[in-house]
Amino acid sequence: MTDAAPAAALARRPADVMKKLVALCKSRGFVFQSSEIYGGLKSAYDYGPLGAELKRNLMGEWWRDMVTTRENVVGIDASIIMHPNVWRASGHAAGFSDPLVDCKVSKERFRADKAPRPTVGSELPITCPDKGVAKDWAEQIEKNFGVALERDGNVLNGLRAISATEFGFFAKGATAPTKTWPWRGYVGPTFGSAFLTDEKQFNLMFRTALGAVDPMQEVAVALAELTAAPDLPAAVEARFGRESGEGVLAKALADFAATKDRAKLLRGVIEHLTAPTLAYLRPETAQAMFVQFKNVLESSGMKPPFGIAQMGKSFRNEVTVEHFIFRSCEFEQMEMEFFCEPGTQKEWMAFWKEARMSWWRRYANYPDDFKFRQHAKDEMAFYADDCYDVEYQYPWGWGELEGIASRTDYDLTQHEKHSGVTLQYVDQEKSDPKTGAKPWKYKPFVIEPAAGATRALLCFLIDAYHEEERVTASGEKETRTVLKLHPRLAPIKCAVLPLVKKDGMPEKAREIIAALLKAGVNAKYDEKASIGKRYAKHDEIGTPYCVTVDGQTLQDGTVTLRDRDTTQQVRLPIAEVVATVKARIEA
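Residues numbered from 1 in each chain as written. Predicted model: local features only at pLDDT ≥ 70, side-chain atom pairs only at ≥ 80, totals over all residues. Heavy atoms only, no water.

Undergrad: Requested: an account of the overall build of the chain, with residues and values cited.
TA: Assigned secondary structure in the chain consists of 17 helices and 30 strands. Expressed as a percentage of the 587 residues in the chain, the buried residues total 49%. Within the chain, counting contacts between residues at least 6 apart in sequence, those at least 24 apart form 64% of the total. For the chain, the computed accessible surface area is about 27,900 Å², with 52% contributed by carbon and sulfur atoms. (Helix = DSSP H or I, 4+ residues; strand = E, 2+ residues; numbered from the N terminus. Buried < 20%, exposed > 50% of the residue type's maximum accessible area, 1.4 Å probe, protein only. Contact = heavy atoms within 4.5 Å. Areas by Shrake-Rupley, 256 points an atom, 1.4 Å probe, with all protein chains shown as cover.)

Set out below in structure tokens:
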């Protein structure tokens, strides 16, 4: 039987679904604005009782699928604060003390002060990673900048430095440019491209200081002395002595000699004084898996192909925060680095693409709302050889849920270079493809499925939100709000409801609750309000099953089990409740 007759369903996703979902998340205890009683904090959210359970369940399902059910994947739980050199090696930290520039062609990001400066009149060849990339970049340049560079193997020719502030395109044999662009006199350090963005001061990582002594006191004292000095550079040299000829201070003094920018020199002083205690909150979980590659390899006995997985919080000073919890400064990630033999990355990319899409669709009501989007060549990092996004059709359009990237051996190479520690695998049984001799020593290539847990939570809430028009037992029409969460994700798996708060029904309901909890089923006892309102409440928070203790229970020991999605009810013996609920959750 059902507790009301179903009628035609309304649109499964009303136009104002986000407004309604945000309201439901607050009223029912899924998500709250952080520090709300103090006016809230932009882009910061707290997960309430139901939100915390939903997030734990979701991340638990990811861990089960990616780690505990696979022999070739292990997990770690790394520190949020890591050595600052980790972020220097990965490229994340460069933007705090120096302006950064992006290459519009390769997407390489680099420090402007370290860029090569060709002489006026010299050619500006763009050296690509290989011939295929050269073809792609040439097409991209022709499309975006309107010039057809000459390809010579992996090199693109035709650009020349006209002056310290201008470069141009010279057709083969021409003495005058057919097109010119302004520039700042330097090119990208890796590929030599002059097609660059403006210099920007990036601040994408959260800084903190390690140690009990506050470095700001020393900063304040130094600034008080230096700002009062009539000759600022002389005062800096006098105060810091030999240190002023090294590192960030030396650079700041050199810049001041050229620009007379007092603020930039004082910033250099601050960078110097805070450097000994400087640390960052991690902007991603991935780097720890590369840094711990050697330890995991040696301690676990794993060998490629194998993966290292991690879940946890990351922090980014996002320029744009939007769409509730879709993009925020503090978020949780679910990432795995899969290390494989060079040359096998394509087959493993295909494997993990299929595995990850299967996981997303498994828990969704509408599997077609998920799709792959392959990155174009001009979107990918220069070291990547393929990349796909798993996208979900949010109310505002398609948006990224997970990236699956083929990162080659770039990360291990960078950390090996900066740390001086060899990060490779030695396969004693295989011969080196280049020499034919054993063993084969190589840096594994990496496939990285990287998903956002907070985005996943929002995605499954949107997927689950339904409004259905139905007819009540009294013949009236009503709109039922229901979260059709997958039972394994649902915060509460089963609610146990005494029909009335007397006649021994509460006591019997408590016995059932105790049995469910003992069996590991997250169940809740609920006796407030009428039975209809309690059903509606649990529909709205996504509880898949409700057990009702009524008068017949006291007579024959049976209860009703109600299904959230269909509202159908069946009677079964109390002794079968736990097994039935667990079987339905697993199914």
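Undergrad: Lay out the pairing of strand S28 (residues 545-549) in plain terms, naming residues and giving numbers.
TA: Here S28 lies mainly inside the structure; five of its five residues are buried. Neither face of S28 is exposed, since Tyr-545, Val-547 and Val-549 on one face and Cys-546 and Thr-548 on the opposite face are all buried. Relative to S28, strand S26 (residues 494-498) runs parallel, the two being bridged by five bridges. Within the sheet, the bridge partner assigned to Cys-494 lies in S28 and is Tyr-545. When S28 meets strand S29 (residues 558-563), the two strands line up antiparallel, connected through four bridges. The residue of S29 that forms the bridge with Thr-548 is Thr-560. (Pairing = 2+ DSSP bridges.)

Undergrad: Describe in detail a nonpolar patch on the surface, supporting the description with residues and values.
TA: Together, Ile-80, Ile-81 and Leu-210 give the surface a local cluster of nonpolar side chains, amounting to about 220 Å² of exposed area. On the secondary structure map, Ile-81 appears in strand S5 (residues 81-82). Ile-81 sits in the partly exposed class, given a relative accessible area of 31%. (Patch = residues over 30% accessible without salt bridge, like charges linked within 9 Å, V, L, I, M, F, W, Y side chains within 5 Å. Salt bridge = Lys/Arg side-chain N within 4 Å of Asp/Glu carboxyl O.)

Undergrad: Which residues make up the sheet that holds strand S20 (residues 397-408), and what values do they have?
TA: What holds strands together in a sheet is hydrogen bonding between their backbones, with the strands either parallel or antiparallel. Across the sheet, seven strands lie side by side as S4-S16-S17-S23-S20-S19-S18; this open sheet has mixed pairing. Looking at which strands have only one partner, the edges of the open sheet turn out to be strand S4 (73-75) and strand S18 (370-374). Strand after strand, the sheet turns through a mean of 25° between neighbouring axes, direction not considered. Inspection of the sheet shows S18 paired to strand S19 (residues 386-394) by five bridges, in the antiparallel sense. Along S19, the bridge assignment pairs Phe-370 with Tyr-392. Along the sheet, helix H11 (residues 345-362) makes contact with strand S17 (330-340), S18, S19, S20 and strand S23 (445-452), crossing S20 at roughly 150°. (Axes fitted to C-alpha atoms, helices over the stretch in contact; angles between N-to-C directions.)

Undergrad: Account for the nonpolar core, naming residues and giving values.
TA: By size, the foremost hydrophobic cluster in this structure holds 58 residues, and its most contacted members are Phe-30, Trp-360, Phe-370, Leu-458 and Phe-460. At the level of elements, helix H1 (17-28), helix H2 (49-68), S17, H11, S19, S20, S23 and helix H13 (453-464) are the ones that each hand at least two residues to this core. Per-element tally for this core: the top contributor is H13, with nine residues. Setting aside its immediate chain neighbours within four residues, Trp-360 contacts Phe-370, Val-390, Leu-401, Glu-402, Ala-451, Ala-456 and Phe-460. The next biggest cluster of nonpolar side chains, apart from the first, holds 30 residues, and it includes Ala-115, Ile-126, Val-133 and Phe-167. (Core = buried A, V, L, I, M, F, W, Y, C linked by side-chain atoms within 4.5 Å.)

Undergrad: Describe the pattern of salt bridges, with residues and values.
TA: In this structure the tally under the stated criterion is 38 salt bridges. Lys-20 is the partner of Glu-467 in a salt bridge, and the nearest nitrogen-oxygen pair spans 2.8 Å. Of this pair, Glu-467 sits in strand S24 (residues 465-471) while Lys-20 sits in helix H1, placing them 447 residues apart in sequence. For Glu-467, a relative accessible area of 10% corresponds to the buried category.

Undergrad: Residues and numbers for the sheet that holds strand S8 (residues 126-127), please.
TA: Pairing in this open sheet of three strands is antiparallel, and the strands run S8-S10-S9 from one edge to the other. The open sheet terminates on both sides in strands that have one partner only, identified here as S8 and strand S9 (150-152). The pairing of S8 with strand S10 (residues 155-157) spans two bridges and is antiparallel. Residue pairing in the sheet places Ile-126 in a bridge with Leu-156 of S10. The strands touched by helix H4 (residues 131-145) within the sheet are S8, S9 and S10, with S10 carrying the most contacts at an inclination of about 30°.

Undergrad: I'd love a proper account of the state of the cysteines, names of residues and values included.
TA: Such a bond, covalent and formed between the sulfur atoms of two cysteines, is termed a disulfide. Considering all chains together, one arrives at zero disulfides under this definition. With no disulfide partner, Cys-25 has as its closest neighbouring cysteine sulfur the one in Cys-459, 13 Å distant. The class for Cys-25 is buried, based on a relative accessible area of 0%. Cys-103 takes part in no disulfide bond, and the closest cysteine sulfur, belonging to Cys-128, lies 9.7 Å away. (Disulfide = S-S within 2.5 Å.)

Undergrad: Before we move on, could you go through the layout of surface pockets and cite the residues and values that matter?
TA: There is about 300 Å³ of room inside the second largest pocket. In terms of lining, the second largest pocket is formed by 15 residues, of which the most central are Val-133, Lys-377, Phe-382, Ala-384 and Asp-385. For the lining of the second largest pocket, the leading source of residues is H4, giving four residues. Looking at side-chain class alone, the lining of the second largest pocket contains eight nonpolar, three polar and four charged residues. (1 Å grid on protein atoms, 1.4 Å probe; cavity = no way out; pocket = protein on both sides within 12 Å on 5 of 7 lines; lining within 4 Å. Points joined across faces, edges and corners; volume = space filled by probe spheres on them. Nonpolar A, V, L, I, M, F, W, Y, C, P; charged D, E, K, R; others polar.)

Undergrad: Got a sec to walk through the packing of helix H14 (residues 505-518) against helix H17 (residues 577-586)? Specific residues and values, please.
TA: For the pair H14 and H17, the least separation of the axes is 10 Å and the interaxial angle reads 50°. Looking at the two axes, H14 sits oblique to H17. Both H14 and H17 take part in a crossing whose hand is right-handed. Facing H14, whose interface residues are Ile-512, Ala-515 and Leu-516, H17 presents Val-577, Val-578 and Val-581. (Parallel < 35°, antiparallel > 145°, perpendicular 65-115°, else oblique. Left-handed = near helix turned anticlockwise from the far one by under 90°.)

Undergrad: With reference to specific residues and values, describe the environment of Glu-199.
TA: Looking at the secondary structure, you find Glu-199 in the loop between strand S13 (179-182) and strand S14 (207-209). For Glu-199, a relative accessible area of 37% translates into the label partly exposed. Taking the C-alpha atoms as reference, Glu-199 lies 36 Å from Ile-308; in sequence the two are 109 residues apart. What Glu-199 contacts, discounting residues up to four positions off in sequence, is Pro-99, Leu-100, Val-101, Ala-112, Arg-184 and Tyr-186. Separated by 3.5 Å, the side chains of Glu-199 and Arg-184 make a polar contact. Side-chain polar atoms of Glu-199 contact the side chain of Tyr-186, separated by 2.7 Å. (Polar contact = N/O pair within 3.5 Å; in protein donor to acceptor, adjacent residues only side chain to side chain.)

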